[in-house]
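Summary of the model geometry
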Amino acid sequence: MSEFSARYGERVGLERRKQFGQFFTPEPIARWMVRWVLAGGAGRVYDPAFGLGAFHQAAGEIAEGVAFEGSEVDPVILGFWRARGDENGAVVRQEDYLRAWGRQWPAIVCNPPYRRFQKFLGREEVFAAFEEHLGVKLSGYTNIASAFLLKSISELCDGGRLAYILPLEFLNTGYGAVVKRQMLARGQLHAIIRLDCEKAAFPDVVTSVGILLFEKRAPRFPTRFYVVSRLDALETVLDTPPVNSIPPEELRPGEKWLRHFEAGTLPPRSPHLVPLSTYGTFSRGIATGANAFFVLRPSQVTALGLAPEEVVPCITRSVQIRDPLFTESEFRRLVEEDAPVYLLRAGDPPSAAAACYIRRGEAEGYHRRYLTRFRDPWYRLERRRPAPILFGAFSRDGYKVIRNHSQALNLTCYHGFQPAGQGARYVERLFLYLLSRVGRETVALNVRQYGAALGKYEPNDLNQALVPSMEWLDRLDEEQAAVEIEHARHGYLSSEMEALFETLIDP
Ligand SMILES: C[S@@+](CC[C@H](N)C(=O)[O-])C[C@H]1O[C@@H](n2cnc3c(N)ncnc32)[C@H](O)[C@@H]1O
């Protein structure tokens, strides 16, 4: 199989494979999944994303006389598979699975294409069909793999089994809630196995990949969450103790499930921890809708003849800030480097120079962009105040938190914190906590985990993150905090400060 798929890869190239989401299931995984669905007693198996027939081949090796059917949208890959002459009676239709409704299957096994719907032609039609047939509204963020899974669950006969291998990020995202709800409502979710060893099947996927085992019958026992770090451990994984085992009534569709793959990762209970929203709120940075128009370098500002008050300082890219403290002198360094750190803020009415630049923008169609066309006038961005704490929206290996002493605003690369009420007095101390080891561990539990190395942080997750109460932070006076900030300049806290924060969760 692997030699066969390598030949196919050479023939069509990576671009086309990516376009169709063509990544192939390794043989041992395909065999294991097929064995599990067949153990339910079905004599007929269906694969909605057939590709080069990894599951068909596995079925042929495991059991004789199993009828195999499949769907595959790409005629090229199908032709390649047929030319091999290994059909053995399999019925594979060339069709778009998401448009083929009205069938039922006793067993389904699938490695769905992993792509976003954004580029899917006829997406509206597919969404309308989901609403008509399943009564569910898909979110625009849904990826195709989740839609495949949702449809397959609905097509499974009573008592039928389904095994899917797919990226697991939907377990934590808003759009995944509808899939989780259907799984819980329509049957027994046996197990979800996170495959820490298997990125090869999904080389472009930044999230973890896993196998989901589902059966259409009244749920009777808890869902088991496993992690497998070596392929050969998959064979016996269901006979080993799971990381977590959670009864269906405790699995809530709206909650994030990826944490169930971690042992002992529930947030610490401490009387001194309160939600961060006690102090203020994080919100998304400014979305201009057309950075190429709004974001300017100092040299462009000069060349365009814009007055200083027609632009505002702004951090437009994450890399523009390197250290945990960001000051006016750091900002001046960026200006000297001619970095893109200004945002157009045309006057009312705009000066002649700004009006001329705006007309140029219109000639290039920037006023018809998704965000700009809803603004009045289209070139006027929302007014914001500089945020004293910035938090990286995407971070690798732990998050990026910045104490911003400058007047710079921020685009969406950072979320900005605005204190409310008493919160203003605690900005320094909160920042120190966010930088501390305990803070990092506690906050990380609240945020969406897309995978081992890549974290995406939503403002709302941060607002719910646990931080010390005001009474607790009062143990640390403002002067002490100011001294500590000097350590923070280098990216770490003093060991005394780390030890103090440790007492929060281990008093
Ligand atoms: C991830 S591959 C899996 C192939 C094979 N089943 C395996 O496990 O190795 C997904 C396959 O689905 C096909 N595909 C993509 N979109 C599809 C659609 N809308 N309907 C049916 N098949 C589709 C792709 O061409 C690709 O061959």
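Residues numbered from 1 in each chain as written. Predicted model: local features only at pLDDT ≥ 70, side-chain atom pairs only at ≥ 80, totals over all residues.

**Regarding the environment of Tyr426**
To be explicit about the condition: Helical segments are the DSSP runs of H or I of at least four residues, strand segments are the runs of E of at least two, and each set is numbered from the N terminus. Contact definition: two residues whose C-beta atoms, as placed from backbone geometry, lie within 7 Å.
Mapping Tyr426 onto the fold places it in the loop between β20 (414-419) and α12 (427-435). As a C-alpha pair, Tyr426 and Tyr279 span 147 residues in sequence and 7.7 Å in three-dimensional space. Once residues within four sequence positions are removed from consideration, Tyr426 is found in contact with Tyr279, Met470 and Leu473.

**Section: the domain arrangement of the chain**
This is how it is decided: Residue ranges for the domains trace back to a domain assignment, done automatically or taken from a database.
By the assigned domains, the chain splits into domain 1 (2-261) and domain 2 (274-350 + 380-505). In this structure, domain 1 and domain 2 have C-alpha centres spaced 40 Å apart.

**Re α12**
This is how the line gets drawn: Partly exposed residues are those whose C-beta has more than 12 but fewer than 20 other C-beta atoms within 10 Å; 20 or more makes a residue buried and 12 or fewer makes it exposed, with C-beta atoms placed from the backbone.
Counting buried residues along α12, nine of its nine residues qualify, which places the element largely inside the surrounding structure. Turning to α12, its buried residues are Val427, Glu428, Arg429, Leu430, Phe431, Leu432, Tyr433, Leu434 and Leu435.

**A short note on the pairing of strand β5 (residues 156-167)**
Defined as follows: When DSSP finds at least two bridges between two strands, those strands are taken to pair.
β5 sits mainly inside the fold: nine of its 12 residues count as buried. Two strands pair when backbone bridges link them, and strand β4 (residues 105-110) and β5 are joined in this way by five bridges, in the parallel orientation. From the neighbouring strand, Val109 faces β5, where its bridge partner is Ala163.

**A short note on the environment of Val179**
Position of Val179 relative to the elements: it lies in helix α7 (residues 177-186). Considering only alpha carbons, one finds Val179 and Ile153, 26 residues apart in sequence, at a separation of 9.0 Å. Ignoring sequence-local partners within four residues, the contact set of Val179 consists of Ser146, Leu149, Leu150 and Phe170.

**Some words on the site of the ligand**
What counts, and what does not: Nearness here is judged by the C-beta atom: place it from the backbone, and if it falls within 6 Å of a molecule or strand, the residue counts as near that partner. Nonpolar residues are Ala, Val, Leu, Ile, Met, Phe, Trp, Tyr, Cys and Pro. Charged residues are Asp, Glu, Lys and Arg, and all others, Gly as well, are polar.
Around the ligand lies a shell of 22 residues, among which Thr25, Ala49, Gly51, Ala54 and Asn111 are the nearest. Sorting the residues of the shell around the ligand by element identifies α3 (54-62) and β2 (67-72) as the ones contributing at least two each. In terms of residue class, the shell around the ligand is built from 12 nonpolar, six polar and four charged.

**Topic: the confidence of the model for the chain**
Quick reminder of the rule: Every residue is assigned a pLDDT by the predictor, reflecting its confidence on a scale from 0 to 100.
For the chain, per-residue confidence averages 90 on the pLDDT scale, and 94% of positions sit at 70 or higher. pLDDT under 50 marks residues 448-453. Its contacts with residues more than four places away, or in other chains, come to 18 contacts.

**Here's the deal with the nonpolar core**
Put simply, the rule is: Under the definition applied here, buried Ala, Val, Leu, Ile, Met, Phe, Trp, Tyr and Cys residues are grouped into a nonpolar core through C-beta atoms within 7 Å.
Membership of the largest hydrophobic core comes to 73 residues, with the highest contact counts inside it found for Met33, Val34, Val37, Val109 and Ala163. Here this core takes eight residues from helix α2 (residues 27-38), the largest share from any one element. Apart from the residues within four sequence positions on either side, Met33 is in contact with Val109, Ala163, Ile165 and Ile211. If you look at the next biggest cluster of nonpolar residues, it comprises 62 residues, including Phe331, Leu390, Ala465 and Met497.

**Overview of the packing of α2 against α3**
For the record, the criterion: An axis is simply a line fitted to the C-alpha atoms; with a helix, the fit covers only the stretch in contact. Between two such axes, the angle follows the N-to-C directions and lies from 0 to 180 degrees. Left-handed is the label given to a crossing in which the near helix is rotated counterclockwise from the far helix by less than a right angle, and right-handed is the label when the rotation is clockwise.
Contact pair α2 / α3: the axes reach a minimum separation of 8 Å and the direction vectors enclose 65°. The handedness of the crossing between α2 and α3 is right-handed. On the side of α2, the interface is formed by Glu27, Ala30, Arg31, Val34, Arg35 and Leu38, while α3 contributes Ala54, Phe55, Ala58, Ala59, Glu61 and Ile62. Residue composition of the contact of α2 with α3, by class: eight nonpolar, no polar and four charged.

**Focus: the sheet that holds β20**
Two strands in a sheet stick together by hydrogen bonds in their backbones, pointing the same way (parallel) or opposite ways (antiparallel). The strand order across the open sheet built from five strands is β11-β20-β16-β18-β14, with neighbouring strands paired in mixed fashion. The open sheet is flanked by β11 (280-284) and β14 (325-326), the only strands paired with a single partner. Inspection of the sheet shows strand β16 (residues 389-392) paired to β20 by four bridges, in the antiparallel sense. The residue of β20 that forms the bridge with Phe391 is His415. The strands touched by α12 are β16, β18 (401-404) and β20; relative to β18, the strand with the most contacts, the crossing angle is about 160°.

**Let's talk about unusual backbone geometry**
A cis amide bond, omega 5°, links Asp348 with the succeeding residue Pro349. The residue Pro349 is located in the loop between β15 (342-344) and α11 (352-363) in this model. Look at Asn88: it is not a glycine, yet its phi comes out positive at around 45°. Along the polypeptide, Asn88 turns up in the loop between α4 (75-83) and β3 (91-94). Residue classification places Asn88 among the partly exposed residues on the basis of 13 C-beta atoms within 10 Å. Phi at Asp338 takes a positive value of approximately 60°, unusual for a residue other than glycine. Of note, Asp338 is situated in the loop between α10 (328-336) and β15.

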